[in-house]
Every structure is written in C-alpha cells, then in structure tokens.
Amino acid sequence: MEFRVLGPVAVLRAGGPVHVPAGSQQVVLAALLLRTNQVLPVGELVEWLWDDEPPSDAWESAKAYVRRLRRTLEAPELIEALPDGFRLIVPDTAVDLLRFRRLLREAETLQGAEQLDRLDAALALWGDEPLASLAPSTAKSRAVHGLVDEYGQAVERRADAYLDLGRHAELVTDLRAMTARHPDRERVWSQLMVALYRSGKRVEALAAYRRARAYLADEFGITPGSELERTQHGVLTDTLDNVVTTAVANASAPTIVRLTPAQLPANIGDFVGRADDLAAARAALTAPFGASAPVLVISGMPGVGKSAFAIRLAHEVRTRFPDGQLFIDLHGYSEHLPLSPARVLSRILPALGLPSTQVPTDLEDLTNTYRSLVADRRILLVLDNAANAKQVSDLIPAAPASAVLITSRSQMPSLAALSGARLLSLPPLSPRDAEQLIRSILATAPQPADTEVAQIIELCGHLPLAMRIAATAYLHNSRPLSDFINELEQHDRLAALTIADDPRATVRAVFDLSYRTLSPDAARLFRLLSLVPGPDFCRNCAQHVAGVSATQAEQSLGELTAASLIHPGRPRHYRFHDLVRLYAHDRCVTEDDPAGLHAAVARLHSYYVTTADAAADALYPTWIRLPRTHPSIAAADEAPTVPNATQWMSDEGPSLIATIRYTAQYGPVQIAWYLSESLRAYVVTHGEYRIEALGAFETALKAARDAGDRRAMAAIHYAFTSVYLRIRDIQSALPHIRAELDHHLELGFVEGEARVRITLGEALTTQGYLRDAADQISEGLRLAEEHDFTDLQLFALLNFAILEEWRDQLDAAKKHALSAFDLIDATSNSSTKGATHATLGMIMIRRGEFDAAIEQHLAALECYRQGGDQHSESDALRGLAHAYSKTGNIKASIANATKALAVAEELGDEYDITDSLISLAAIYHELGLTTQARSHAESALKMSDELEYTKAHVEATLQLATIAKSEGKLDQTEEHALYAIDLARKGELLRLRGDAETLLAWVTHEKGNQA
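Here the structure is a predicted model, which is why all the values come from computation and not from measurement.

Each helix and strand in the chain was counted, giving 47 helices and 14 strands. Here the C-alpha radius of gyration of the chain, 38 Å, is well above what a compact globule of 1011 residues would show, namely 30 Å. Counting only C-alpha atoms, the chain reaches 130 × 65 × 65 Å along its principal axes. Relative to its 1011 residues, the chain shows a buried fraction of 55%. Taking all contacts inside the chain whose residues are at least 6 apart in sequence as the whole, residues at least 24 apart take part in 68%.

Below you can see the structure in the form of structure tokens.
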C-alpha cells in the first residue's frame, strides 16, 4: 500500500487508487501520515478535525473517524490505538513524504551527478500543493507551510547542484516557475539571476532583480538582502563569477561587537554516574594548549544519554572558555532536516558579534570568517546530535585555545583519523548508577523494593532514556508498581515506555530517528537480524539470514554499527541492546511479508545445521546421524568447508544452544535435533558450554517426545550419553543408553542398535562389569560386521582392546587395537585415528614396551592437535607422561604431565584438570617426590568432591592411600582404602573397588604381622 501527501491525499493498493472519502477520513489520514510510525496525540488529531471549536465528545468522535478509516483501508492493523493517541504503522518507503526526506538525506552524503539524481528524484515526488484535497484549516495551513519550506530548501539545494555542474541553462525555466509561486524566497531569485547570467542573458538577470526588489518593497516594505545585492552588483559589473561574494569582501571592515555567547542548556539536575567517563572527557577538553583545538566525540546508541552527558561536561569545563559557549542541535537524527555546515555557521557568526547583514552565504567564506572570528578566542562549541563527520568537519576552529564537543550516534572514526579527535563511546549505565537514577526520579513516591528496581533496570536494559520514561510513567499513574512491571514484561514493552503528553518521549520514537537514516539494505538486515535467537551474531549469520553476499553483509553491518544500532561484542560478533532487538523485531513484523521472513529463517537454519555438521565431522566421530530431511536443510547447497572447526563451534556455541531451545519450543523441531547431534561433538571434546548444552538437550528431547519421534529421541539420548561418558558419570549415562537401545529395538534400526550396544559395553567396562561389557560389545561387533558398518566395527574393536586390557589379556588387547588400525582409511577423522593410537599406546605401557608406547602416544597427540581436540590432547599427554616415567625419563615425564594440566586449565575443563592432577601425583610418587605427590592428590580429591566426579574421587583417594603405604602409615592407608571401597561400591566401579580391597588386605596383613 502506498500513501501520498505531497499533492492530494491519496492511497494506492497494487498500483490502483483506494477511495478515501473527502472530509474527516482524509483529514485523519493526513494527520497520521504526517506522523507516520509516531504517536499522533489526541489533542493534535482533535485540532486537525475541528480547529479551535471541538465538540464536547471530540475524543469519541475522533475514535469513530479512525474506525471508519480502518474499514476504508481494509487493513485495521495499520492503525494502532494507544492510550494517548493513534499510530499509523507502515514502512517509510510507503509514504511519499518520508521517501522525499530520505532522498534528501542521501543527497547530503553525495556529490556531483549522484547528488543531483537524488535531488531530482526527491522533487519529482511533489505535486502542485501538498495536502491539496483537504479543506482549509489552521492545522493544514501550519503543516503546508512547513512542507513548502522543506520543498523550497530542496529546490535551492538542487539549483546549487545544477550550478556547480555548469548546467545553468537547464535551471532557468524551473527557477522562474519557483519565483512565481514563492516570490518571497530571495535565494531562489539570486540563483535565477546567476543561471541567466551564465546563460548569456545579463539583461534578463537584471530584470529578475527588479521584479524581486519590487515584490519585497510592495509586500513587506523592505529592500533586498545582501546576497541579492551582491549578485546584482556582479551582473552589472560583469564580474559575478570572479568577485568574492561575501559580506566580508564586499563591505568595508564591518563593525563587530564582540559578544560572549552563553548558549548551554540548563544542567541536568538528576544526572548520575559516569564519573570515570567524565574525568576522561574533562582531561581531553582541558589538556594543555596544543597545535589545534581539542575535539571530543561522544557516541553511543539512541537513548544512552549522550546529550545529557555533553551538557553536564560542558557546564563543568565552561570556565575554561571565558569567550563563550555555543550550543547547536544539528538535527542529525531528527524529524527535521539535518543542518548543513553553512546553516550552522550562519547562526554562529551573529552569536559571535558579526552583523547579520555581513554574514556570507558561500560555505568557504563562512568558514574563513568563522575561523577569523575565533582565532584569538577561547570558545567551547557543542555540536549536539551530529549525523556524520562531514556535517561537523567545517565547524572545527583552528584556534588551539578553543574546544569542540560533539555528540552523535555515529562513532566518527574518520574524524579521529583526519582531525585527531578523541572518541568516547558511552555504554548503558552500570547497575549501581541505574538504581540511583530510578530512585532519584521516584524520590517523591514510596520507595520501591530493591527487587522491583532491579526488574525495571533489567527490562529497560540499563538505558537511561528508557529508565527515565519508565520511572516517570509509573510516577504519573495510579497502578501498583508490580502491575507496571508486569506490563513491561508481558506486553508491548516499547509501547509501555511512553510518556502520555509528549509523543517524542518514547523509546520507539528515538529509535525511529536512527532507523530512518539507514540505507534500504542496512534497514532490511537490521530487521532480519532480530530473527536470530542467540545473544549475538557473526557476519556469516548476517549474510545468510539476509541472503546477500559477504561484502554486502559487511557493509550493512558497518552501517548499523556506525549508527550505534548494533555493537561489537565477542570477537567477530555483534549484538543488539535488548530494547533495540525488540524494536527491530517490531519493524520486521510490520514491514516484511511472512513468506520473506520464513525464507530468512530457513536460510539461517540451513547455515547453522550444515556448518555445525561439517564442524562436528572434523571434531569427533558421529557414527550415525539423523537424516537431514527438513526442507530447509535438504535443499541446502553442498556442505561448507570449516577451516577451524573448534574455533567455529566456540564462536557459535551460544547461538546454536539458543537456536536449539527456540526451535524445540516454536519449531521446526527437527532443527533442534540436528543441532543437538552436532553440538555433542564439541561439548564432548571441549569443556565449554557443557552445562548449557545439557539444558538445551533437555528441551530437544522433550520436543522429540511430544512429536513421538523415536529416532529423534534416540539421537538426543546419545547426545546425553556422550557427554556423561566424557565426564565419567556412568550412572547418569546408563539410563540414556538403555532408553536409546529401547528406541532402536522398537524401530528395528540395526545400525543404531549396534552403536548403542558398543556404547553400553564401554560404560560397563568403566564400571568393571567386564563380562556384561564383553557381551554387549560382541553383539554390537557382530551386527556391525554382518551389515558392513565399518566405522562401528572400528568403534567396537577399540572398546574390545580396552576391555581386554582391563582383563589383563594384553595379547588380545593388542590384537584388537591392531585390527582397528586396519579399518582406518582416508575418511576417518583425526579423533578416531588419535584414539586408536592412544589405545595401542596404553596397551604397550601395560606390556612393558615403553618406547613403542611413547611412539603411539606421540602419534595420537599429533592427530588430536590436528583436529583441535584439546580434551583428547590432554589425555594423550598424560599417557605420554606415564610412558616416559616407565623409561626413567623424569624430565620428559613431568614436562608432559604438567603440559596436560596446562591444556586442561586452558580449556577450563575441571574434569581434565582433576585427571591431570591425579596423573601428576602418580608420577611424582613413582619418582619418590612424596610431598609433591600428596599435594596434587589432595587437590584432585577436593576438585573431584566438588564436581561429584566419583571415579576420580576414588582414584585420588587410592593415590593418597598408596602414598601413605609407601611411608609406612598403616592407619592412614587403611582409612583411605576403606573410604575408596565405599565410594567405589556406590559408584559401581568394580575394578577400583578391587584395587582398594587389595590395599586394605595388605594393611590387614601388615598389622597382623606387627601384632
């Protein structure tokens, strides 16, 4: 749907007109369109409808007109009813006025033919008269006056562009028409004279001057201004293009009254916090005089309090600048057009004492005059709400004793690079400062509880504007605070963050101003990024959700960052502020069609699943995977290459977990299952995100149960099993193993049955139930061989090798390990290869073949490092340390054991740290370094207790018992052995229980001998 106000008020749908009855409906529509996506207050709408004579039931009548308009438009969702008015919610591109303003903003950033194209396109949107179909009224007259002034400024800018390009002849007809319609615009008369003069029509140029002079005298009783006079002089003397057309050049030295401006707004009474930022900013502005004026740019997201900070800072340092303080709102992010440097300087020069009749019009002359006036002064110039560096660069004085303070949503890195500006980005308030702000606003009300204040702070994202609005809105209504907080939590939070009597005092309105400055591509990406469930997003994620090239995504992300609508977060990632995310999602739902949103989500899911699958394959053997049958995945391109699987998983882990949780709840549930399978590979090989992943697996398992999908349930049970086996929590793993086996048996899925039987054998081996373990592994191997599941045969042989080592059948163990080697091929991943080498190395240590063991562990270490499997790397280093200790190479043994501990600590894996401490304790004990051995064993004992890591707790206790035994401390040995027996019995760790009972028997024997 398209709306027009720059001519008759009109609505078009699919290119055809929608009939909106003349009269009240068109008036309501026009009033809404002039405040598109903003609140139209009730009082303003009443004024539009009835001028100064509203009926007694004006509010109800106005609502009735809105209801009629909704029916006419056949789109009731476009007009939102709010407590304090109405809001028309449509894309900016749907309204000709907003398209006009956007084209003008774009023109400000361009030059030459490109700038002219934008200006031509903007003016082409206009008809003869804006709001032409409305009857005369005070509100219409005021609105039309403002719109026509915008039109006139655009015409003047377009004329300047034509003249700059030397296309003066093309201008003459348009400028004559403009002077006929708006003869009060002196600048247009001057431009017409220049165009005629350059076209060789001096006589006509002078005639134009006479017409302008006559009109001004007849209508206003005034003479032409200095610009028209200078232009006439240039035409008369045939020197128009040579003479310097400024007041300074054309007049004798003007009489300048040296004024001391004091333009700073009132200080903010309840300003709180930011002491460190203020100190840094004061130091930047009041540093010892250098070669140029210090420039400080205060940037930050909308509503973070940049202007309040700048005003507070300016008041603190103003005594340093006794020659005056200038404050200019540049309207960079505003309903108004941004002020050009020329318009700013034309305001500054009179404030400094230059007579208005002597103010130049040319930017270069304005700049030179400005710099001359402030050369020997100490002036503080505050430029608030700047759009970009181009808007302010000409306003920076050369005077080293002056200073410039700029606020902007743009970070302006170019100003830092070219002008040496200092950049300071303001974050949202700290919790302490945020609480102080809210309590200061609510000082006259009953003080809320700490928990309530904390809730408001969190719901407002620590954003000062949002907290001010929330506290003020609550202060002026009679609802309990708990109800207000509930509204913020459960309803439209952005709508609730509104102050009723001021349509500009809303969080949404502030965000609107930034959003409107975005290019179409950046605005689209901004909206679509709100669909990403995770806490942040990377460039690849942005590229896929928008369906654009990497270069386009990078450009749009840069634009959004420059506008402070997103912020750099973790390395290679960006994030929204919570309220900005809500705003982006509101825009997304309003402006994007459902089919387009569905496609964007499908692209995002496809990227996550295919890349996570590729990363998982590189990290850890998957053995079996759910068929990727969901349409968004089945239709995906060839699987991507992931250069660093570990880094990608580490970067995207939070997003994958958030996506699992979201899709498990809202669908498509298959995405949750697929991502759980792939995330398993990372949390098994790395400690990061393990707890969060287990929580996400719970939601995926519930979704599978709700869907009745046994295959998916089996897959998620296997994800749980892998993690629990990784942390040696056999008792938690067994229920998932048995549940997975039940599902595979029910489905008749032989491959799944084979895998889970081998896994069950692995768990039973760890517990020491070796006969049962052998039965399960044998059955799994039989099924794998019968159906030619090569990967599962290898999996079974490795577990058989470990089982036989536990049985002390070392020849059989070696045979199974070597058979596993025969099944490794080019497709086997590094973890599988490393595990095979490590298993054989462990067996070689038991066989006394220590050099061969070292060789195998070194090969395993290389495989693990190649695949980024740091958990297994730590395991291999412990095995290598053990092998070296057997050869008597004390230095290498301790070095590798210490390295294993360092890798575990770097990984942040407390289970690996515990195992490494136990290994070091054993090695130190073997070397006779009892003190070090006991210290490491006691540390391992404490950590295993905190982790409830039963296997390690038993091993650490046994290590302490062994140390006590070597010292002849029978009572301590007995105490540790009894404790280890009890723990091993509860954890069903039969082998460790046997080791403890052996120690206890030795103690009993020794005590008997002593007796």
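On to the confidence of the model for the chain. Per-residue confidence for the chain gives a mean pLDDT of 86, with 96% of residues at or over 70. Low pLDDT, under 50, characterises residues 243–255; the predicted model gives this stretch 25 contacts beyond four residues in sequence or across chains.

Below, the discussion takes up the sheet that holds strand E6 (residues 85–88). Pairing within the open sheet is antiparallel, and its three strands lie in the order E4-E6-E5. Two strands lie at the open edges of the sheet, namely strand E4 (39–41) and strand E5 (79–82), each paired on one side alone. In this sheet, neighbouring strand axes are inclined to one another by 30 degrees on average, regardless of whether the strands run parallel or antiparallel. Where E4 lies against E6, three bridges are found, and the strand directions are antiparallel.

Its place among the elements puts alanine 62 in helix H3 (residues 58–73). Expressed as a C-alpha distance, the spacing of alanine 62 and aspartate 822, which sit 760 residues apart in the sequence, is 84 Å. Apart from residues lying up to four places away in sequence, alanine 62 is in contact with Leu45, Leu49 and Trp50.

It is worth spelling out the environment of proline 397 at this point. Within the element layout of this structure, proline 397 appears in the loop between helix H16 (389–392) and strand E10 (403–408). What makes proline 397 buried here is its relative accessible area of 6%.

Below, the discussion takes up a negative patch on the surface. Taken together, the side chains of Glu910, Asp945, Glu946 and Glu948 make up a negatively charged region of the molecular surface. Exposure remark for glutamate 946: the relative accessible area of 58% places this residue in the exposed category.

Moving on: the domain arrangement of the chain. Looking at the chain, the domain boundaries give domain 1 (1–164), domain 2 (166–244), domain 3 (275–413) and domain 4 (932–1010). Computed from C-alpha atoms alone, the centre-to-centre distance between domain 1 and domain 2 is 33 Å. Across the interface of domain 1 and domain 2, roughly 1,400 Å² is buried in total on both sides, 52% from carbon and sulfur atoms. Interface area lost by domain 1 to domain 2 is led by Glu156, Tyr162 and Leu163, which between them contribute 46%. Run the count over domain 1 and domain 2 and you get 12 residue pairs in polar contact (both at pLDDT 80 or more). For the side of domain 1 that touches domain 2, the element with the most residues is helix H6 (residues 138–164), which contributes 13 residues. Classifying every residue of the side of domain 1 that touches domain 2 by side-chain character gives seven nonpolar, two polar and six charged.

Rules used throughout
Residues numbered from 1 in each chain as written. Predicted model: local features only at pLDDT ≥ 70, side-chain atom pairs only at ≥ 80, totals over all residues. Heavy atoms only, no water. Helix = DSSP H or I, 4+ residues; strand = E, 2+ residues; numbered from the N terminus. Rg over C-alpha atoms; globule rule 2.2 N^0.38 Å. Buried < 20%, exposed > 50% of the residue type's maximum accessible area, 1.4 Å probe, protein only. Contact = heavy atoms within 4.5 Å. pLDDT = per-residue confidence, 0-100. Pairing = 2+ DSSP bridges. Axes fitted to C-alpha atoms, helices over the stretch in contact; angles between N-to-C directions. Patch = residues over 30% accessible without salt bridge, like charges linked within 9 Å, V, L, I, M, F, W, Y side chains within 5 Å. Areas by Shrake-Rupley, 256 points an atom, 1.4 Å probe, with all protein chains shown as cover. Salt bridge = Lys/Arg side-chain N within 4 Å of Asp/Glu carboxyl O. Lys, Arg positive; Asp, Glu negative; His and termini not counted. Charge placed at Lys NZ, Arg CZ, Asp CG, Glu CD. Domains from an automatic or database assignment. Buried area = accessible area lost by both parts, 1.4 Å probe. Polar contact = N/O pair within 3.5 Å; in protein donor to acceptor, adjacent residues only side chain to side chain. Nonpolar A, V, L, I, M, F, W, Y, C, P; charged D, E, K, R; others polar.

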